[in-house]
Amino acid sequence: MYVITTHLNADFDGLASMVAARKLYPDAALVFPGGAQDHVRAFLAVHDLGLTKLKDVDLAKITGLVLVDTQEPERVGPFGELCLKPEIAVHVFDHHCGEESEPPYQAAHRTVDAVGATTTLLVERLQADKVAITPFEATVLALGIYEETGSLAFTSTTPRDLEAAACVLRAGADLTVVCDTLRNHLEPELIALLNDLLQSAETYYLEGWKVLLVSSTYDRYHGDLAEAVHKLAELEGVDAVVAAMALDEKVQVIGRSRRPEINVARLAQAFGGGGHPEAASASVKGQTVVEVKERLASLLTERHRPTLLAKDVMTKPVISIGAGATMADAESTMTKYQINVLPVLDGRERYCGLLSRETVQRALFHKLGRTQLANLIQEDAYSAEPGTPFRDIEGHMIERNQRFVPILEKGKVVGVITRTDLLRTLHDDVLASARARAKGEEPPPFSVKRNLRARLEERLPGPIVSLLRLAGRVAQRKGVSAYVVGGFVRDLLLGRSNLDVDLVIEGDGIAFARAYAQDVEGTVKVHERFGTAIVISPDGYKVDVATARTEYYEYPTALPTVEQSSIKKDLYRRDFTINALAIRLNEGQFGELIDFYGGQRDLNEKTIRVLHSLSFVEDPTRVFRAVRFEQRFGFRLGRETLSLVKGAIKMELFHRLSAARLAQELVLLLSEEEPPRGLARLGELGLLKFVHRSLAWSPQLAATLKSVEDALKWYRLLYLDRRMEPWLVYFMALADAIPAKAVGELLRRLRVPGRHAEHVRQSRFRSGRLLERLGKRSTLSAAEVYRSLEGLSDEVIVFLMAKAKQEPVKRRLSAFLTTYQHVKPALSGDDLKDLGLKPGPMFRKLLDRLRDARLNGQVRTEDDERALVRRLAKL
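Described in the following lines is the structure provided in the data block. (Residues numbered from 1 in each chain as written. Predicted model: local features only at pLDDT ≥ 70, side-chain atom pairs only at ≥ 80, totals over all residues. Heavy atoms only, no water.)

Moving on: the overall build of the chain. Counting secondary structure elements, the chain contains 38 helices and 27 strands. Relative to a compact globule of 875 residues, whose C-alpha radius of gyration would be 29 Å, the chain shows 36 Å and is clearly more extended. Overall, the C-alpha framework of the chain stretches about 115 × 90 × 50 Å when taken along its three principal axes. Expressed as a percentage of the 875 residues in the chain, the buried residues total 53%. Put simply, 64% of the contacts in the chain that link residues at least 6 apart link residues at least 24 apart. Surface exposure of the chain reaches about 41,300 Å², of which carbon and sulfur atoms provide 49%. (Helix = DSSP H or I, 4+ residues; strand = E, 2+ residues; numbered from the N terminus. Rg over C-alpha atoms; globule rule 2.2 N^0.38 Å. Buried < 20%, exposed > 50% of the residue type's maximum accessible area, 1.4 Å probe, protein only. Contact = heavy atoms within 4.5 Å. Areas by Shrake-Rupley, 256 points an atom, 1.4 Å probe, with all protein chains shown as cover.)

Following this line, the structure appears as structure tokens:
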């Protein structure tokens with residue numbers, strides 16, 4: 001006799017796995033080893049699944065056991081002893097992995113894999129064996145998958161779980177039944193329990209993760225305690241909840257984690273329980289709730305550092321100033337680097353005190369600009385060391401109302417911590433949730449300490465992931481910090497393909513690049529002046545490496561002056577918050593997302609936002625970039641950013657831009673997938689006039705751009721492998737929209753290269769005559785069409801197609817591109833010499849005449865051409 005069973009207090013994953021296993025072992029009995037969760041019992045009260053009661057089973061007659069959703073003998077009640085008997089065949093299906101999950105017996109069959117639900121493993125087996133299931137069975141299996149994966153939203157969910165869910169849906173699973181069964185209403189007793197748990201809550205910040213440790217002796221709630229803990233984690237938006245709750249004569253330990261770094265299964269195992277990293281439990285006898293809670297707190301802090309230290313949060317390197325400098329010098333430095341506090345150093349580079357902008361401004365007001373700083377610095381400001389816990393620093397900053405704390409090592413400043421550093425490190429997830437709830441929205445599904453390791457591995461080619469991991473190992477070996485930054489991170493979060501890898505190194509980027517290239521066994525090209533390098537791997541992947549840097553502008557629209565800095569400062573110099581994101585690559589922190597400036601929030605809210613109010617003043621090309629990103633991603637300019645754009649337009653800073661920078665941004669915008677939308681937005685904002693003063697948005701320009709878009713689509717259908725520059729065709733449309741006499745000025749202002757400029761002139765000054773010639777006669781020979789269009793680039797031909805209104809003209813342009821321009825005579829100059837002709841101007845005329853004859857169908861073979869040559873040359 002075979003029995004299929006699961007763990008004590010069975011959940012829907014256990015029940016569904018049993019039902020699925022019966023399809024593989026049709027003669028086996030389904031038996032619970034002891035009890036089931038309330039909602040499982042409620043379901044079985046309505047639906048008969050043919051379960052056999054434990055009391056009706058003769059254990060002595062069992063010859064085989066099928067264990068699902070567990071493999072531990074101590075979790076299957078009276079069947080545990082049978083597992084250890086060698087004469088009984090044990091078959092295991094489970095999704096709890098790890099050394100601690102290895103059973104103390106030899107299984108006849110063992111399917112164990114790290115998926116979100118054990119039901120998934122059995123659905124895969126049913127598919128492989130081509131075993132059919134009924135719609136009702138599919139519904140039960142869906143209950144198992146959806147409950148165990150949190151409706152496919154838990155971090156433990158894998159692509160295989162989604163595929164299994166799709167399989168049971170195709171088999172007829174009823175999601176209405178699934179939703180109604182799994183829906184948990186907040187009953188009064190549950191609300192009372194949650195309130196009791198919150199009253200006892202202690203918050204731990206463990207290596208940046210927020211963990212809630214709670215306890216309760218409330219005894220009037222008779223529902224599923226695990227669901228209550230899960231609900232508490234959802235309501236509070238924390239990374240993990242660990243609960244100790246009195247239950248009859250024992251204490252129930254339940255853990256729920258939303259981060260793989262907080263493994264609650266290890267906590268449960270310390271009390272003799274089990275589970276997986278995201279959900280685990282244990283029953284503890286002989287201890288009080290207080291004792292269990294204290295033990296949990298000890299275990300948490302043993303396995304995870306209880307706090308971040310100053311060195312984990314601080315910004316480095318630090319902008320400082322010497323004590324011998326003047327107040328005027330300090331004001332200049334603060335303005336240049338956009339900072340409000342400066343550490344002051346003595347002649348030996350040792351810390352003396354702090355100088356605030358308020359102090360500097362008052363000194364300048366009192367005409368003390370030449371006064372040395374040593375006379376006016378704040379010497380009693382609180383300072384900390386790299387190993388100081390951040391909680392201590394936070395307390396001092398609040399008590400002293402001090403916004404800037406220098407971090408000192410042997411008297412020297414090695415870093416600083418600002419209020420912004422602390423708030424973003426500790427509380428950004430709480431603030432984001434509060435903002436969302438204030439708007440009546442769901443809290444955003446991210447936190448500052450989000451880890452993207454799984455997403456990197458799932459969405460990127462294997463060689464790219466290997467390059468990133470290797471960069472982290474090299475950085476660790478060199479004692480520096482490595483980050484992948486910018487558009488790569490942005491597009492990874494948006495689910496868009498982007499393999500342009502840009503690394504930023506906190507430290508010597510050049511030294512890192514050389515070591516990295518050696519490990520990659522690739523080549524490196526170094527730019528010492530800029531602190532950058534390019535590493536190319538043997539399989540052709542390119543990685544750009546830069547030293548973390550900050551920048552300042554000597555005057556509006558100037559190119560920036562760059563200096564070495566920290567990752568925080570490096571990200572701050574970027575154009576928009578969505579591009580100021582980084583992923584840490586060092587070992588032990590691989591995949592950790594760095595977001596100092598709210599880039600995740602703006603991606604979630606589909607907003608383009610600059611990092612500071614002078615962004616467009618310093619670099620007006622960012623306005624064009626903002627429009628480009630806005631249209632590419634379907635985002636919108638934030639309200640403040642839009643106001644800053646309008647301010648930059650009023651200041652007319654764009655006229656002072658170099659031609660090269662303006663032209664580069666325009667070409668990039670015209671190279672987007674839908675340039676007309678970007679140009680329309682430029683027109684709406686009043687920016688087209690900065691391309692040329694006579695250029696403005698109009699219905700006629702909109703119609704021309706739409707025609708160009710259609711013509712380019714037609715061209716791509718014809719020539720998928722043909723190289724051409726679509727941006728140039730759109731530029732031709734812009735040149736077509738301004739007076740003829742202004743075209744030359746436009747080309748000169750933007751310094752359009754000679755070849756491109758000539759194509760634009762042809763499109764502007766020859767298109768009208770060419771279209772008239774191609775459309776003036778109903779019968780125009782192929783040779784005449786060829787001679788009219790000979791020498792024109794594909795871009796000009798496509799522009800002519802966009803401008804053409806008559807169908808016969810469009811057909812002739814199409815014929816030229818697809819056929820006429822490829823026609824050549826069979827005979828060459830050498831053949832003409834063989835016929836007895838002397839080389840000279842006549843050769844060109846004869847070859848042109850042969851081509852025309854070919855185009856017009858007057859000759860078809862080489863012999864026809866020879867006859868025509870003899871006739872024309874009168875041989």
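Anyway, onward from the coordinates.
Below, the discussion takes up the pattern of salt bridges. Any two side chains of opposite charge can pair if their charged atoms end up close together. Tallied over the full model, the rule gives 39 salt bridges. Ionic pairing is found between Asp38 and Arg41, a salt bridge with its closest N-O pair at 2.2 Å. Highlighted residues: Asp38 and Arg41, both in helix α2 (residues 38–46), separated by three residues, approximately one helical turn. Exposure remark for Asp38: the relative accessible area of 28% places this residue in the partly exposed category. In this structure Arg41 comes out as partly exposed when scored by relative accessible area, which is 45%. Measuring nitrogen to oxygen at the nearest pair gives 3.0 Å for the salt bridge that ties Arg844 to Asp848. Of this pair, Arg844 and Asp848 both sit in helix α37 (residues 841–855), separated by four residues, roughly a single helical turn. Here the salt bridges share partners, and the residues they tie into one network are Asp575, Asp619, Arg622, Arg625, Arg628, Arg661 and Glu665. (Salt bridge = Lys/Arg side-chain N within 4 Å of Asp/Glu carboxyl O.)

Trans is the prevailing form of peptide bonds, just as negative phi is the prevailing case for residues other than glycine. Phi is positive for Asn9, which is not a glycine, with a value near 55°. Not every positive phi belongs to a glycine, and Arg751 is a case in point at roughly 50°. On the secondary structure map, Arg751 appears in the loop between α30 (740–749) and α31 (754–765). Look at Arg751 and you get exposed, because its relative accessible area is 65%.

Before going further, it helps to examine the sheet that holds strand β3 (residues 64–68). Taken together, five strands build an open sheet; the order of strands is β2-β1-β3-β4-β5 and the sheet is parallel. Across the chains shown, the open sheet's two edge strands, defined by having one partner strand only, are β2 (29–30) and β5 (109–112). Across the sheet, helix α1 (residues 12–24) touches β1 (2–5), β2, β3 and β4 (89–94), and the angle it forms with β3 is around 135°. Across the face of the sheet, helix α4 (residues 118–128) comes into contact with β3, β4 and β5 while running at roughly 110° to β4. (Pairing = 2+ DSSP bridges. Axes fitted to C-alpha atoms, helices over the stretch in contact; angles between N-to-C directions.)

Turning to helix α19 (residues 487–494), a few remarks are in order. In terms of residue burial, α19 counts as a mostly covered element, since seven of its eight residues are buried. Buried within α19 we find Gly487, Phe488, Val489, Arg490, Asp491, Leu492 and Leu493. Positioned one or two residues after α19, Gly495 has a phi angle of 75°, which is positive.

Another point: the side chain of Asp602. Positionally, Asp602 belongs in helix α22 (residues 599–604). Asp602 sits in the buried class, given a relative accessible area of 2%. The contact partners of Asp602, leaving out residues within four places of it in the chain, are Thr577, Ile578, Thr607, Arg609 and Phe635.

For the rest of this paragraph, the subject is the environment of Thr155. Assignment of secondary structure puts Thr155 in the loop between α5 (135–148) and α6 (159–170). Spatially, the C-alpha atom of Thr155 lies 9.9 Å from that of Pro277, the residues being 122 residues apart in sequence.

In this section: the side chain of Asn579. Among the structural elements, Asn579 can be located in the loop between α21 (567–572) and β24 (582–584). For Asn579, a relative accessible area of 7% puts it in the buried group. Apart from the residues within four sequence positions on either side, Asn579 is in contact with Gly486, Gly487, Arg490, Arg574 and Phe629.

Before going further, it helps to examine the sheet that holds β24. Here seven strands make up an open sheet; going across it, the order is β19-β20-β21-β18-β17-β24-β25 and the pairing mixed. Sheet topology places β19 (523–527) and β25 (593–594) at the edges, where each strand pairs with a single neighbour. The pairing of strand β20 (residues 532–536) with strand β21 (residues 542–547) spans five bridges and is antiparallel. Looking at the pairing, Ala533 lines up with Val545 of β21.

This part covers the pairing of β19. Working note: regular strand, side chains alternate between the two faces of the sheet. Of the strand pairs in this sheet, β19 and β20 are connected by five bridges, and their pairing is antiparallel. By the bridge assignment, Val524 is partnered in β20 with Val535. In this antiparallel pair of consecutive strands, β19 and β20, the connection spans four residues, and Gly531 shows a positive phi of 70°.

Function cannot be read off these values alone, since they describe shape.
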